[in-house]
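# Residue-level structural notes
The chain contents come next:
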Amino acid sequence: MSRAPILIKDLVKGNQVWKMQIRVVDLWVVKEKSGHKHLELVIQDVKGDQIHVTTRSRDFKDWHDQVKEHETYTLYNGEPVVNDGALKVCSNPLKIVFNGGTAITNVPFPDIPHHKYNFQPIENFLKGSFKADLLYDVIGVLHEVIRTQRGGDGRKSCVNITLRDVEGNVIEVVLWDDYCKQFSSYNAPATQKKEPTIILLTHAWCKPNKVSGLPSLSNAWSGSRLHINLEHPQVEEFKARFAAIDSSNAPALSLTCDSSVQSANNNWKSLDEVRSIRAIAELKRDCFATTIGTTKHFKASKFGWFFEACPGCKSSNKSLGDKFECSCGLTNVEPVTKFKIEVEVVYDNHGGTFVFWDKDVIPYTKLNAKELKQVMKEAGEDNPKIWPAHLDVLLNKDLVFRVKYQSDFDQFSIVAILNGDNLYEKFDKYLTPDELNSIASVTEIPEDGHTEDPIEANVTQASEPTESAPMSIAGNNSGSPTASSSTTPAKRFAPSTSINDAILSEEITPKQSATKAKPIRKTKLIKKE
């Protein structure tokens with residue numbers, strides 16, 4: 001006589017013999033530290049209850065060949081154990097381990113519901129209504145790309161973005177390694193689309209950002225899936241909720257996000273954000289700020305004054321030739337040549353390394369990197385380590401910079417170079433050697449958020465809109481919220497904001513892993529001549 005099937009809720013720890021009708025709703029491969037692989041899955045019964053299943057590495061090939069996602073099966077035997085993993089994909093207190101006695105038969109069960117995403121509202125994360133050891137599905141509109149970090153030299157590639165929901169809640173999401181590459185591929189200029197970008201991340205891990213203390217999300221190292229503009233009924237429903245909002249009454253919630261969105265933190269907003277090079281570096285945190293200095297010397301490195309990148313995903317590649325094939329899918333295309341110049345900038349006897357990009361260099365050289373490379377090639381000096389005399393126009397200039405300070409590398413990446421009537425002189429007068437001891441004297445921002453300081457008038461950007469660092473090599477697509485104070489209510493300045501508070505309010509996520517201690521760095525003291 002055949003055994004009667006049971007439901008997932010009827011499983012009992014220690015009882016290894018049973019029969020169950022299930023659908024595989026999620027499936028992924030886990031690569032162990034030893035190099036071995038095993039299969040993990042989530043199964044669902046006719047009542048919609050789910051449970052996490054893990055297999056053994058020695059049986060990987062057998063289960064990989066037998067079990068397919070979305071298929072229904074009769075499952076026989078297995079070991080129900082306590083679901084005590086560090087990160088849980090199901091809230092069920094038990095999980096199942098396939099053992100030597102487990103068997104499975106592919107049988108159609110149309111009554112078992114198909115997979116449905118269980119999206120956790122962004123508001124719940126922001127309120128702290130989540131479990132640190134439970135993974136969640138999340139959906140939102142791409143609100144902002146804060147920064148990207150290319151992998152290599154011991155660093156993992158990652159991209160920091162923010163997602164926004166219908167109610168206007170914004171949360172930071174950090175995508176690592178392959179997830180970063182997948183996003184960068186979709187967000188590359190060659191693939192940008194007019195439509196808003198809907199991000200769906202499964203098995204997302206939520207934990208407080210170590211810098212800001214605010215909840216932020218990231219992919220799990222295995223099991224997470226990143227979907228961008230996925231064609232799915234629940235995604236269409238999410239879009240429809242936005243469309244139903246009257247844009248005239250709620251303009252901030254309209255679908256105006258673009259896949260190419262970058263950080264809007266291109267300009268300074270008040271004197272509170274103006275800091276000396278020394279003061280910025282002594283914060284020992286990644287942040288946006290406005291500063292001034294004199295360009296003194298080039299910092300020659302093994303990378304030279306230009307790099308070549310994929311025209312699609314913008315990832316750099318040291319081995320690019322005249323034609324190349326990129327992992328983002330582009331083949332036999334000509335790489336693009338771009339400036340990346342490190343310059344020592346000095347102010348008040350303290351110096352810092354500032355990174356100049358195309359938008360910062362071309363207004364002075366009147367030549368792009370490709371054209372300047374050709375000039376050098378014709379002179380018989382086609383090597384990025386040989387610096388053209390054309391670049392000397394960047395030196396010995398007093399400039400006002402909007403920068404993103406990267407504490408891990410002790411570098412200032414230029415967001416914009418600002419121009420204005422006597423702007424450098426005004427900021428120079430404002431910045432005094434003892435500014436860290438005179439925080440109380442800083443002008444407070446009135447309650448209406450407007451400052452009448454005369455310096456704020458007649459400020460313009462000296463170059464084109466900011467261009468982020470080249471993104472990581474991309475694959476095929478199958479926090480603290482944004483540092484911009486104009487987009488997220490939580491980031492708007494309070495009526496009484498000190499220099500320190502203003503800078504801290506603009507922190508962005510550190511590049512380093514949360515498991516590594518951040519080294520303490522000091523600014524270099526420049527000897528007076």
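What you are looking at is a predicted structure, and each value in this text was computed from that prediction instead of being measured. (Residues numbered from 1 in each chain as written. Predicted model: local features only at pLDDT ≥ 70, side-chain atom pairs only at ≥ 80, totals over all residues. Heavy atoms only, no water.)

Quick look at the packing of aromatic side chains now. The tally for this structure, following the rule as stated, stands at twelve aromatic pairs. Ring plane angle 50° and centroid distance 6.1 Å describe the contact between F125 and F130, whose orientation is recorded as tilted. Across this residue pair, the class does not change: F125 and F130 are buried. Between W305 and F339 the ring centres are 5.9 Å apart and the planes differ by 40°, which places this aromatic pair in the tilted class. A residue pair is termed long-range when its members are at least 10 positions apart, and W305 in the loop between β14 (287-298) and β15 (306-309) and F339 in strand β18 (residues 336-347) qualify at 34 residues. Judged by relative accessible area, which is 1%, W305 ranks as buried. Taken together through their ring pairs, the aromatic side chains of F354, F356, F401, Y405 and F412 make up a single cluster. (Phe/Tyr/Trp six-rings, centres within 6.5 Å; stacked < 30°, edge-to-face > 60°. Buried < 20%, exposed > 50% of the residue type's maximum accessible area, 1.4 Å probe, protein only. Helix = DSSP H or I, 4+ residues; strand = E, 2+ residues; numbered from the N terminus.)

Attention now moves to the confidence of the model for the chain. With 70% of its residues at a pLDDT of 70 or more, the chain has an overall mean of 77. Within the model, pLDDT remains below 50 along residues 246-263, and this stretch shows 47 contacts once partners closer than five positions in the same chain are excluded. For the stretch residues 434-522, pLDDT sits under 50, and the model shows 238 contacts to residues farther than four places along the chain or on other chains. (pLDDT = per-residue confidence, 0-100. Contact = heavy atoms within 4.5 Å.)

What follows deals with the nonpolar core. Ranked by size, the top nonpolar core spans 38 residues in total, and within it W305, F339, I341, F354, F356 and F401 carry the most contacts. Listed by contribution, the elements that provide at least two residues to this core are α5 (277-282), β14, β18, β19 (350-357), α7 (369-378), β20 (398-406), β21 (411-420) and α8 (423-430). V145, I161, F183 and L201 belong to the second-largest nonpolar core, a separate cluster that totals 25 residues. (Core = buried A, V, L, I, M, F, W, Y, C linked by side-chain atoms within 4.5 Å.)

It is worth spelling out the pattern of salt bridges at this point. Enumeration over the complete set of coordinates arrives at twelve salt bridges. K61 is the partner of D65 in a salt bridge, and the nearest nitrogen-oxygen pair spans 3.0 Å. Here D65 pairs with K61, and both are found in helix α1 (residues 60-66), just four residues apart, close to one helical turn. Judged by its relative accessible area of 59%, K61 is exposed. Its salt-bridge partner being K127, residue E123 comes within 2.9 Å of it at the nearest N-O pair. (Salt bridge = Lys/Arg side-chain N within 4 Å of Asp/Glu carboxyl O.)

Here we come to the sheet that holds strand β3 (residues 50-54). The mixed open sheet is built from seven strands, whose spatial order is β5-β6-β3-β2-β1-β4-β7. What marks the edges here is a single partner per strand, and that holds for β5 (79-82) and β7 (103-106). The mean angle between the axes of side-by-side strands here comes to 40°, regardless of whether they run parallel or antiparallel. Sheet analysis places strand β1 (residues 19-31) next to strand β2 (residues 37-44), joined by eight bridges and oriented antiparallel. Counted as the bridge partner of V30 is H38 from β2. (Pairing = 2+ DSSP bridges. Axes fitted to C-alpha atoms, helices over the stretch in contact; angles between N-to-C directions.)

For the rest of this paragraph, the subject is the environment of E40. Tracing the backbone through its elements, the reader meets E40 in strand β2. Along the chain, E40 and T55 lie 15 residues apart, while their C-alpha atoms are 6.2 Å from each other. Residues within four places of E40 in sequence aside, it is in contact with D26, L27, W28, V30, H52, V53 and T54.

Structurally, the position occupied by A132 is in the loop between α2 (122-127) and β8 (136-149). Taking the relative accessible area as the measure of exposure, A132 reaches 54% and is therefore exposed. Measuring from C-alpha to C-alpha, the distance between A132 and C206 comes to 6.4 Å, with 74 residues separating the pair along the chain. Residues contacting A132, with those up to four places away along its chain left out, are L87, W205 and C206.

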